Amino acid sequence: MYNFTTYLDHVAVGLQNAFYNRFYFDILVVGFTIAATMLIRYSTSQVNGLKLPPGPTPSFFVGNMHDIPVAQEWNTFTKWSKQFGDIVYLRVLGTKMLLLGSYRVANELLVKRGTIYSDRPITPPMLEMGGFGTSLTVMGNNADYRLRRRLFEQHLRYSVVDRHQPIQIRETQKLLRKYLEAPDNWFDDTKYTVGAIILDIVYGYRVTSERDPWVEVGEQSGRYFQICAKPGAWAVDVLPFLRYVPTWLPFTEWKVFALESSANRNSTKGMFEMVQAAMKEGTASPSMVLRYLEENKNGANIPEEAIMDAASDAYGAGVETTLSFIYGFLLQMTKHRSIQRKAQDELDRVCPDRLPTFDDRKSLHYIEAIGMEVGRWHPGVPQGIAHRLEKDDSFEGKFLPKGSLIIPNIWRMCHDEETYKSPDIFNPDRFINVEGDGLDISVLDPRQMIFGFGRRQCPGRPFAEAQFFYTMALILKVFDVLPPLDTQGKEVIQPDVYRSGVVSLPLSFSCRIIPRSNDMAELIRRTEHE
Ligand code: HEM
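The protein goes by Cytochrome P450 in an unreviewed UniProt entry, where it is assigned to Gymnopus androsaceus JB14. Within the UniProt record for the protein, the comment given under Cofactor (unreviewed entry) is "heme".

See the structure below:
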């Protein structure tokens with residue numbers, strides 16, 4: 001009979017032979033590795049009888065590394081959410097990931113269980129070397145993070161955001177005057193305007209020239225961030241000791257790049273010092289930085305680095321995201337003339353002989369609905385920013401392991417057929433009630449998703465919403481936004497294609513921004529002297 005002792009004997013003989021035979025030895029090593037991997041996988045996939053959520057089958061060792069797309073991620077993520085359900089499990093090498101595909105689940109986990117779902121992944125070395133280790137967006141859920149978050153929120157939350165309206169009005173009206181003078185420059189002029197508004201709110205700094213050096217610093221910082229944060233692009237992220245190699249060695253251009261990025265981020269200190277100097281002279285304009293320096297003068301003791309970090313994050317996190325919305329709005333307007341007309345009818349009814357104001361917002365439901373639909377159509381941050389689960393958890397019979405990165409698939413949530421009828425049609429009317437005189441509150445407001453979730457939800461949301469409203473209302477009151485014409489004078493439909501990456505903007509498109517009438521042009525021209 002083949003009993004257990006005989007079995008052990010066979011194993012012992014097998015081992016002995018194997019060690020004498022290189023071929024068998026290799027097979028043994030591979031066999032042990034597979035067994036060990038399966039054991040690790042089993043031990044994390046079954047806790048208290050609960051299984052991991054389903055997901056695409058991982059390859060040995062690298063897991064789903066090759067399944068995760070590098071471009072237009074939202075399409076593949078959405079396919080998985082439809083195939084596997086509201087929580088999809090992925091593994092890349094040793095990193096576990098949970099992809100959330102519905103608002104219901106994101107709300108249950110990231111909002112209701114926010115105490116354990118509000119951390120961020122450990123900052124990759126390249127991002128840290130690039131100077132972003134103390135950026136609010138990437139910091140873990142610790143006391144330093146919470147301080148920066150508080151400083152940020154206190155200056156931008158709903159109850160105080162109206163204070164910034166004079167800056168928003170001045171700069172947005174200036175932008176529209178530029179559209180009148182040089183309509184072909186709409187792309188750059190819009191970008192500079194958003195930068196100018198944020199620099200003014202944060203540092204009290206007034207941008208006066210087209211190529212302002214501080215706008216350039218902010219722009220550059222955004223570019224550095226996107227590149228340093230690129231997953232899988234940097235050897236130092238896999239072999240962290242590389243950060244210590246000296247830059248005189250060959251093949252260390254990447255380190256020079258990281259040091260340049262860090263120097264660029266540090267240079268925002270110059271803006272901070274400008275506010276300090278102006279404060280001493282008594283000439284500083286109201287701003288986020290001034291506010292906290294004054295609190296310090298009265299004994300608040302806020303660390304200066306925290307004020308500097310919160311201020312430079314406002315630019316880094318606020319400009320591209322806001323632009324993704326405004327560009328997205330212009331692109332959709334070139335495609336939907338009837339929607340534009342309906343919005344202009346509303347504007348002409350509410351403010352017939354004048355420009356719209358922030359106070360009109362409560363009466364301009366259709367403009368609000370267009371804003372909601374632009375955000376839903378292509379969310380500016382389609383995969384959100386990953387959270388990190390701090391403790392083992394379970395949900396609806398599935399095991400959610402500690403340390404998992406949580407990726408909210410915002411794009412999918414905004415295109416969920418169960419939430420939005422015909423989600424692939426651009427239709428602001430989906431948010432209007434049956435009476436046609438207000439918003440339909442039974443339809444999920446996409447702003448609940450596009451700004452992220454829970455304690456990490458975008459602290460720039462109140463400002464961004466106000467800026468979107470004012471920009472849309474002003475543009476549609478004064479201008480028609482039309483597609484470009486070809487050489488035969490025929491309208492050219494613009495591609496509805498968006499860039500991949502953390503912040504997703506429409507890829508280059510053209511539009512004509514033309515005054516609706518001389519009277520409308522005059523309305524905006526007059527604002528120069530008001
Ligand atoms: C269309 C406009 C915007 C969109 C779609 C957007 C979206 C987002 C999203 C999805 C997150 C991640 C939230 C999460 O982790 O769950 C985020 C975080 C953040 N946003 Fe925005 N954002 C926008 C505008 C702004 C503006 C204007 C500012 C600054 C003035 C800003 C500052 C930030 C900061 C600092 C964070 C990090 C928050 C944290 O980790 O605690 N955002 N945003």
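That was the structure; now back to the text.
Our next topic: the coordination of the iron atom of the ligand. There is one protein donor for the iron atom of the ligand, and it is C458 (SG), at 2.3 Å. Checked against the element boundaries, C458 lands in the loop between α18 (447–450) and α19 (461–478).

Looking now at the site of the ligand. The full set close to the ligand counts 24 residues, and Y145, R149, H387, R456 and C458 are the nearest of them. Y145 has a polar side-chain atom sitting 2.5 Å from an oxygen atom of the ligand. Within the contact set of the ligand, an oxygen atom lies 2.8 Å away from a side-chain nitrogen or oxygen of H387. Among the elements that line the shell around the ligand, the one with the most residues is helix α14 (residues 304–335), at five residues.

Another point: the UniProt feature "binding site: heme" (unreviewed entry) in the protein. Listed under "binding site: heme" (unreviewed entry) in the UniProt record, and renumbered for this structure, are C458. When residues no more than four places from it in sequence are discounted, the contact partners of C458 are R149 and F451.

As enumerated under the stated definition, the model contains 36 salt bridges in all. The salt bridge partner of R291 is E295, with a shortest N-O separation of 3.6 Å. In this pair, R291 and E295 both sit in helix α13 (residues 288–297), four residues apart, roughly one turn of the helix. Judged by its relative accessible area of 30%, E295 falls in the partly exposed class. Taken together, the shared-partner salt bridges in this structure form one network comprising R361, E368, D445, R447, R461 and E465.

As defined by bridge partners, strand β3 (residues 87–92) adjoins strand β4 (residues 95–100) across six bridges and the pair is classed as antiparallel. Residue pairing in the sheet places L90 in a bridge with M97 of β4. If you look at the hairpin formed by β3 and β4, you'll find two residues sitting between the two strands, and L93 has a positive phi there, around 50°. Bridging between β4 and strand β8 (residues 405–408) involves four bridges; their strand directions are parallel. When the bridges of β8 are listed, M97 appears paired with L405.

Turning to the packing of helix α7 (residues 165–181) against helix α20 (residues 518–526), a few remarks are in order. Between α7 and α20, the shortest axis-to-axis distance is 9 Å and the interhelical angle comes to 130°. The orientation of α7 relative to α20 falls into the category oblique. Along this stretch, α7 crosses α20, giving a crossing that reads as left-handed. Across from Q173, L176, R177 and L180 in α7, the residues of α20 making contact are A521, I524 and R525. Across the contact of α7 with α20, the residue classes tally to four nonpolar, one polar and two charged.

So, how was this worked out
Residues numbered from 1 in each chain as written. Predicted model: local features only at pLDDT ≥ 70, side-chain atom pairs only at ≥ 80, totals over all residues. Heavy atoms only, no water. UniProt positions renumbered as here; feature names shortened; annotations may be inferred. Donors = N, O, S within 2.8 Å, 3.2 Å for Na, K, Ca; no water. Helix = DSSP H or I, 4+ residues; strand = E, 2+ residues; numbered from the N terminus. Near = heavy atom within 4 Å. Polar contact = N/O pair within 3.5 Å; in protein donor to acceptor, adjacent residues only side chain to side chain. Contact = heavy atoms within 4.5 Å. Salt bridge = Lys/Arg side-chain N within 4 Å of Asp/Glu carboxyl O. Buried < 20%, exposed > 50% of the residue type's maximum accessible area, 1.4 Å probe, protein only. Pairing = 2+ DSSP bridges. Axes fitted to C-alpha atoms, helices over the stretch in contact; angles between N-to-C directions. Parallel < 35°, antiparallel > 145°, perpendicular 65-115°, else oblique. Left-handed = near helix turned anticlockwise from the far one by under 90°. Nonpolar A, V, L, I, M, F, W, Y, C, P; charged D, E, K, R; others polar.

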